[in-house]
Amino acid sequence: MREVTLRVRHHGGPESEVSARHPEVTLRSVSSMTGTGAERKRIVELRGPTAEIESFLTEFRRADPVVSAEPISPVAGGHAYVALTVDTGGWDGISERLADLGVHYRMGTTISGGIERWTVYLGADDDLSALIRWIERGGNDVELARNVELADLDHPPRLPAAGILDGLTDSQREALATAIATGYYDHGGGVGVEDVAEELDLGTTTVWEHLSRAESTVMNALIDRFEEWGLPEGRGPRRDGRDRPDARR
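No experiment lies behind these values; they were computed from the predicted model shown.

1. Quick look at the environment of Glu15
- Position of Glu15 relative to the elements: it lies in helix H1 (residues 14–21).
- Taking relative accessible area as the criterion, Glu15 reaches 7% and is therefore assigned buried.
- Between the C-alpha atom of Glu15 and that of Ile115, which follows or precedes it by 100 residues, the distance is 9.5 Å.
- Here Glu15 is in contact with Leu27, Arg42, Phe56, Phe60, Leu84 and Ile111, once residues within four sequence places are set aside.

What follows is the structure, given as structure tokens:
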């Protein structure tokens, strides 16, 4: 199995086209596509100068496939989480092309300066040249950035964010995203739950409950990922009350 990273200039893709005109903004996917039919939803993270992020969103909303692009955290401090809804009917996305070939790819694709960075995983019988040609058939430009055997990688497995965030309610997701954006989790940042509540225009107790439940859900999802990867997960009962596999040993 090989880990291959491709740099793709996706011509006609609204995210890449708008990104090319706003090179100071970096877009990163933090969830997979969800939904049925043509309309699909996902969450992305935008980083860059606040004014550029706002300009990016204004232009992005005008793109034909985009149904909505609404921030779920304040567009401030050079950072924002945004919920996207797009009409994929007739839209030839890179993920759809990879899916057509049955190719596994890593979540967390980034786009900067109009270039999409895709990391895919190919077996011994997979043809990398054919994959590149298939992507280029859509009028895209593809550059091979990396091609290494998984056995040669020196970094630990990455934990995709999609499954970790899927268990959150909309209120919990918004509270968590706002807390992150305001620096609530920054060590020594001095931001308290009162500051997050003020940003959300909600009561402190309500925000504390949203964050507490969101943190519990995220931590338990992380434990599940640790168990999948065989990483040390500790002993004793989980936060959700379930025993860990070695808790009774």
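2. A closer look at the pairing of strand E8 (residues 115–122)
- Pairing analysis gives 7 bridges linking strand E1 (residues 2–9) to E8, with the strands arranged antiparallel. From the neighbouring strand, Leu6 faces E8, where its bridge partner is Trp118.
- As paired elements, strand E6 (residues 104–105) and E8 share 2 bridges and run antiparallel to each other. Looking at E8, one finds that His104 is bridged to Tyr121.
- As paired elements, strand E7 (residues 110–112) and E8 share 3 bridges and run antiparallel to each other.

3. Looking at a negative patch on the surface
- On the surface, Glu194, Asp195, Glu198, Glu199 and Asp201 cluster together into a negatively charged patch.
- Position of Glu198 among the secondary structure elements: in helix H7 (residues 193–200).
- A residue is classified by how much of its surface remains accessible, and Glu198, at 65% relative accessible area, is exposed.

4. Some points on the side chain of Thr109
- When you line up the elements, Thr109 lands in the loop between E6 and E7.
- Ignoring anything within four residues of it in the chain, the contact list for Thr109 reads Leu27, Arg28, Ser29, Arg117 and Trp118.

5. Remarks on the pairing of strand E3 (residues 39–47)
- Taken together, the 4 bridges between strand E2 (residues 26–29) and E3 define a ladder with antiparallel strand orientation. Following the sheet pairing, Thr26 is matched in E3 by Arg47.
- Bridge analysis of E3 against strand E5 (residues 79–87) gives 9 bridges, and the strand direction is antiparallel. Its bridge partner lying in E5, Arg40 is registered against Val86.

Analysis parameters
Residues numbered from 1 in each chain as written. Predicted model: local features only at pLDDT ≥ 70, side-chain atom pairs only at ≥ 80, totals over all residues. Heavy atoms only, no water. Helix = DSSP H or I, 4+ residues; strand = E, 2+ residues; numbered from the N terminus. Buried < 20%, exposed > 50% of the residue type's maximum accessible area, 1.4 Å probe, protein only. Contact = heavy atoms within 4.5 Å. Pairing = 2+ DSSP bridges. Patch = residues over 30% accessible without salt bridge, like charges linked within 9 Å, V, L, I, M, F, W, Y side chains within 5 Å. Areas by Shrake-Rupley, 256 points an atom, 1.4 Å probe, with all protein chains shown as cover. Salt bridge = Lys/Arg side-chain N within 4 Å of Asp/Glu carboxyl O. Lys, Arg positive; Asp, Glu negative; His and termini not counted. Charge placed at Lys NZ, Arg CZ, Asp CG, Glu CD.

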